[in-house]
Amino acid sequence: MSSLTRPPQPGIRLHVDLARDLRPHRSAKIEAHLRVDVSADGAPTDLPAVQLAVVLAVDVAEANRAAVRHALPAALRALPDRISFAVLGGGPEPVRCYPRGGEEWAVADQDERRRAAFVTGSLPLHRDGPRPAGYAAWVARAHALLAGRPASVRHLVLITDGSSAAGESRLEEQLDECAGEFTCDVFAVGTDWSPDPLLALAERLHGTAEFVDDGLGRAITDAIGRLRRVHTPRLPIDVTVRPCVRQVSLSEKAPRPHRLGGLPQPGRPHRWSFPTYQWEQGRRDYLLTLVADSGADPLETELLFALVSIGDFHAAVTARWHLPGQSPPHVPAGADSVRELNATARMRGALRRGLAALRDHRPSTAEDCLGQAARLAARFGTDWVLDEIRAVADIEDASAGRVRARAVDAGTLGPMILRAGSRPGAPLPDTAGARPGPHCGACGTPAGSEARYCIACGRALR
């Protein structure tokens, strides 16, 4: 993924909530809720199409040609002028269908769109016989194409019916190779696909996975429209930690769950960079987890464990080690925020596991997991989760987590599992309040009872 961005830079507001009062331990876990708000601040409404490169990959069997016969030409005719695009079809291996000849990329204009829509009428699709080696082959082919196109946003749209996924064994390895190079949206058609590899594609490549029963052409057009609303294609979140911190992880929780890979910075052993992608206006929520050893740290003193940076914006992760055997003098600000972030992730996970258990004919496990999801959904007022559960089970008491599973057509469960794992979620409520206790008289930063100098401005505490 190119690091090119467009001026002016978006406005960013960065805030960290955490339970700051910790018990000393050689492997203590510190969890922080990182909230990032982005505003356009005068940036253009749409990213110029010339800065986008999109690969449309059609992993569909000949028997399901009807699913893409009209949708793909319609999506191609709706491409914006000057966008770079290529279309892949499938024989034994993914092959470029358009542009034809020696060119790897086409640049959309009226003639190119018309020719591409016509050519895709004879798009090569899988027939009886050899199949590509799973989704890894499609990802690898798209990677090879996109790596040579210097665009700000590089994206794969994969349309699949699961027909090439048998024997998948290299997907995780291939995702490791291309992580950060491009993003991906997956559209599942038909009924014979497995949701797990599609969710892995969406989580690792910072996109979405969804089932499309009708309106595939509009779904592709909408996905490309979302790309044009990107104000910053790539925005790293840097975390600089104290030497006592041994492990660092960061995961995106909202609006969609994405797995982030941290990259240690050469020559800076205590600094990690977590690339993130496709920033639009709005808010994102992240869970930052640190594992620290308290052996050499003072107790009851506010300590700086990490500094989170996004561009020129910074927020400190501060906490104190409590004396063993003593209760904290107050409930730390941010504790509720972290708990809700974890609870929301558990709700999604429980819903996904419950639906998978129904698919695997394990009704007892399904009721346990769906009951946990219902209890959390009732607590947070997450109506879409309750609606999903009602489609497969009778909710006897949502608050108590009592549900009774029903017999369900297995064909309906795959799309539901995709929604559980990739559907956008609402931002968490702002629950942090002002932290009571000692503060620096100059800048207001919280201070430990034994501290002599402010960790923020360095002034002597009185």
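Just above sits the structure.
Every chain begins its residue count from 1, and numbering advances along the sequence as written. Selection of residues for local features in this predicted model requires a pLDDT of at least 70, selection of side-chain atom pairs for listing and counting requires 80 or more, and totals for whole chains, interfaces and linings are taken over all residues. Neither water nor hydrogens contribute to the side-chain values; these are computed over all heavy atoms in the structure.

Draft legend 1. Quick look at the packing of aromatic side chains. Here is the rule: rings of Phe, Tyr and Trp (six-membered ring for Trp) pair when centre to centre is within 6.5 Å. Planes less than 30 degrees apart are stacked, more than 60 are edge-to-face, and the remainder are tilted. Inspection of every chain in the model, using the stated rule, returns 4 aromatic pairs. Ring centres of Phe 85 and Tyr 98 lie 5.9 Å apart, and the angle between their planes is 15°; on these two criteria the pair is classed as stacked. One end of the pair, Phe 85, is in strand β5 (residues 84-90); the other, Tyr 98, is in strand β6 (residues 94-98), with 13 residues separating them in the sequence. Categorising residues by exposure relies on relative accessible area from a 1.4 Å probe, with only protein chains included: less than 20% of the type maximum marks a residue as buried, more than 50% marks it as exposed, and the intermediate range marks it as partly exposed. On the accessibility criterion, Phe 85 (1% relative accessible area) is buried. What makes Tyr 98 buried here is its relative accessible area of 5%. Our definition puts a charge over a ring when NZ of Lys or CZ of Arg is within 6 Å of the ring centre and also within 35 degrees of the ring normal. Just above the ring of Trp 279 sits the side chain of Arg 284; from NZ or CZ to the centre is 4.0 Å. Per the convention used, a helix needs a DSSP run of H or I reaching at least four residues, while a strand needs a run of E reaching at least two, with both numbered from the N terminus.

Draft legend 2. Fine view of the pattern of salt bridges. Salt bridges are identified by distance alone: a Lys or Arg side-chain nitrogen within 4 Å of an Asp or Glu carboxyl oxygen. This structure, assessed with the given rule, holds 31 salt bridges. When the shortest N-O distance is used, the salt bridge between Arg 115 and Glu 112 registers 3.3 Å. On the criterion of helical spacing, the pair formed by Arg 115 and Glu 112 is a turn pair, its members being 3 residues apart in helix α3 (residues 110-119). Between Glu 181 and Arg 154 there is a salt bridge, and its shortest N-O distance comes to 3.9 Å. Residue Glu 181 is found in the loop between α5 (171-178) and β9 (183-188), and its partner Arg 154 is found in strand β8 (residues 153-160); the two are separated by 27 residues along the sequence. Through salt bridges that share partners, Glu 172, Asp 176, Arg 204 and Arg 259 make up one connected network.

Geometric values such as these leave the question of function open.
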